[in-house]
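# Descriptive analysis of the structure
Below are the chains, spelled out letter by letter.
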Amino acid sequence: MEAMNKNMFYKGFIFILAVAFNACNISTTTESEISDSAKIVSTNGTLSEILVELGFEDNIVGVDVASTYPASLKEKPKIGHNRDIASEGVLALGPDLVLGIANVVKPEVVEQIRAAGVKMVLFEHEYSVEGAKQLIKAVADSLGQSAKGDSILTALDADLVVADSMIEQIENKPKVLFIYARGTGTMMVAGQRTQLDKMIELAGGVNAVQGFDDFKPLTAEALIAANPDVILLFDSGLSSLGGIDGLLEVQGIDLTNAGKNRKVVEMDGQFLTGFGPRLGKAVLELATKIH
Ligand code: HEM
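Now for a quick tour of the structure. Just so you know, these numbers come straight off a predicted model, no measurement behind them.

### Topic: the overall build of the protein
For the protein, the count of helices and strands is 13 helices and 12 strands. Residue pairs in contact within the protein that sit at least 24 positions apart in sequence constitute 59% of those at least 6 positions apart.

If you want it as structure tokens, here you go:
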């Protein structure tokens, strides 16, 4: 299979072997061929990073707003964000192939794109070290670039060893609260089954909020009850609040340990939440900042 992929790619074709998962997690296999000048739309920042590492940057004709790395992607036309992605914006770019993460793009949007005759491939993406590796491998294999995929995985493993050796030496586990902010009007905390929960754990901390999945609006009561040692935000989120001084004006923040000690950590959003090729580096940076 691998040999066939390579041959077909170098003959001028990308051979798509896509493993699509349905809602029950039963996998089915679909295959198709597209030319190597194919126009690709990526609906996810991590898929975009992987595409670029595999050498497909020039094929990308549109990306979601979280496709911020490498910085050159910021110049590409934008098609929205997570569940706000609409088929019209994607189809207007005339893609041959659209890539997405299962259960992130709305099912009706997937249907509309496919009904327009455009190939849309969905990948599973679990927020774990294994999930990051599986995604990289699945994307690389599906585009006939298994060898490049392997070298991304080797580099990722090396980064993870460095991060682990630092984290092993740490004994205390700070309570970390992640706040997703887009100005004071949109402030959400990250519960379980989120990229943030898993990143905090990988970096040797504990999520300060427990007992719910996904994101929920921040409330002063929950903030005070959680009493985090560290508050973590995207750098864009912190600046949308006016920096640390602005964050401290949000009700309840000044009553937490993090607020009293101004222990506020910011990181680039896609770097922190990507669970892709830069995962090891992100774990190391987060660990260094929260401890
Ligand atoms: C209420 C839900 C959300 C809203 C309204 C929202 C809104 C936005 C907006 C407007 C941008 C563009 C910002 C800019 O260009 O400066 C953005 C970027 C981004 N969003 Fe979201 N978002 C939401 C949920 C999420 C979630 C759950 C995640 C993942 C944890 C996420 C991850 C990102 C990332 C990585 C970026 C890239 C730019 C950056 O780092 O700020 N967003 N979001």
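### A word on the site of the ligand
Residues in close proximity to the ligand total 17 residues, the closest being Val65, Ala66, Ser236, Gly269 and Gln270. With three residues, the top contributor of residues to the shell around the ligand is helix 12 (residues 269-273). Of the residues that constitute the shell around the ligand, the class distribution is five nonpolar, 10 polar and two charged.

### Description of the sheet that holds strand 3 (residues 40-42)
Strand-to-strand pairing in sheets goes through backbone hydrogen bonds, with the strands running parallel or antiparallel. Read across the open sheet, the four strands follow the order 4-3-5-6; overall the sheet is parallel. Two strands lie at the open edges of the sheet, namely strand 4 (60-63) and strand 6 (119-123), each paired on one side alone. With direction set aside, neighbouring strand axes in the sheet form an average angle of 20°. Two strands pair when backbone bridges link them, and strand 5 (residues 97-101) and strand 6 are joined in this way by five bridges, in the parallel orientation. Residue Gly100 lies in a different strand from strand 6, and its bridge partner there is Leu122. Sheet strands touched by helix 2 (residues 45-53): strand 3, strand 4 and strand 5. Its angle to strand 3, the strand with the most contacts, is close to 135°.

### Quick notes on the pairing of strand 4
Examined bridge by bridge, strand 3 and strand 4 share three bridges and lie parallel to one another. Its bridge partner being in strand 4, Ile40 is matched across the sheet by Ile60. Traced from strand 3 through helix 2 to strand 4, the parallel crossover comes out right-handed.

### Overview of the nonpolar core
In terms of nonpolar packing, the biggest core is built from 74 residues, with Leu177, Ile179, Met199, Val283 and Leu286 touching the most fellow members. Per-element accounting of this core gives the leading share, seven residues, to helix 13 (residues 279-290). Residues lining this core come from more than one domain, with at least three contributed by each of domain 1 (2-151) and domain 2 (175-290). Look past the residues within four positions of Val283 in its chain and what remains in contact with it is Ala163, Met199, Leu202 and Ala203.

### Quick word on the environment of Thr184
Checked against the element boundaries, Thr184 lands in the loop between strand 7 (175-181) and strand 8 (187-190). Among the residues examined, Thr184 registers 15 C-beta atoms within 10 Å and is labelled partly exposed. Taking the C-alpha atoms as reference, Thr184 lies 9.7 Å from Gly242; in sequence the two are 58 residues apart. For Thr184, the residues in contact, after removing those within four places along its chain, are Leu241 and Val250.

Basis of the calculations
Residues numbered from 1 in each chain as written. Predicted model: local features only at pLDDT ≥ 70, side-chain atom pairs only at ≥ 80, totals over all residues. Helix = DSSP H or I, 4+ residues; strand = E, 2+ residues; numbered from the N terminus. Contact = placed C-beta atoms within 7 Å. Near = placed C-beta within 6 Å. Nonpolar A, V, L, I, M, F, W, Y, C, P; charged D, E, K, R; others polar. Pairing = 2+ DSSP bridges. Axes fitted to C-alpha atoms, helices over the stretch in contact; angles between N-to-C directions. Right-handed = clockwise from strand over helix to strand, strands pointing away. Core = buried A, V, L, I, M, F, W, Y, C linked by C-beta atoms within 7 Å. Buried ≥ 20, exposed ≤ 12 C-beta atoms within 10 Å, placed from the backbone. Domains from an automatic or database assignment.

Keep in mind these numbers describe shape, not what the thing actually does.
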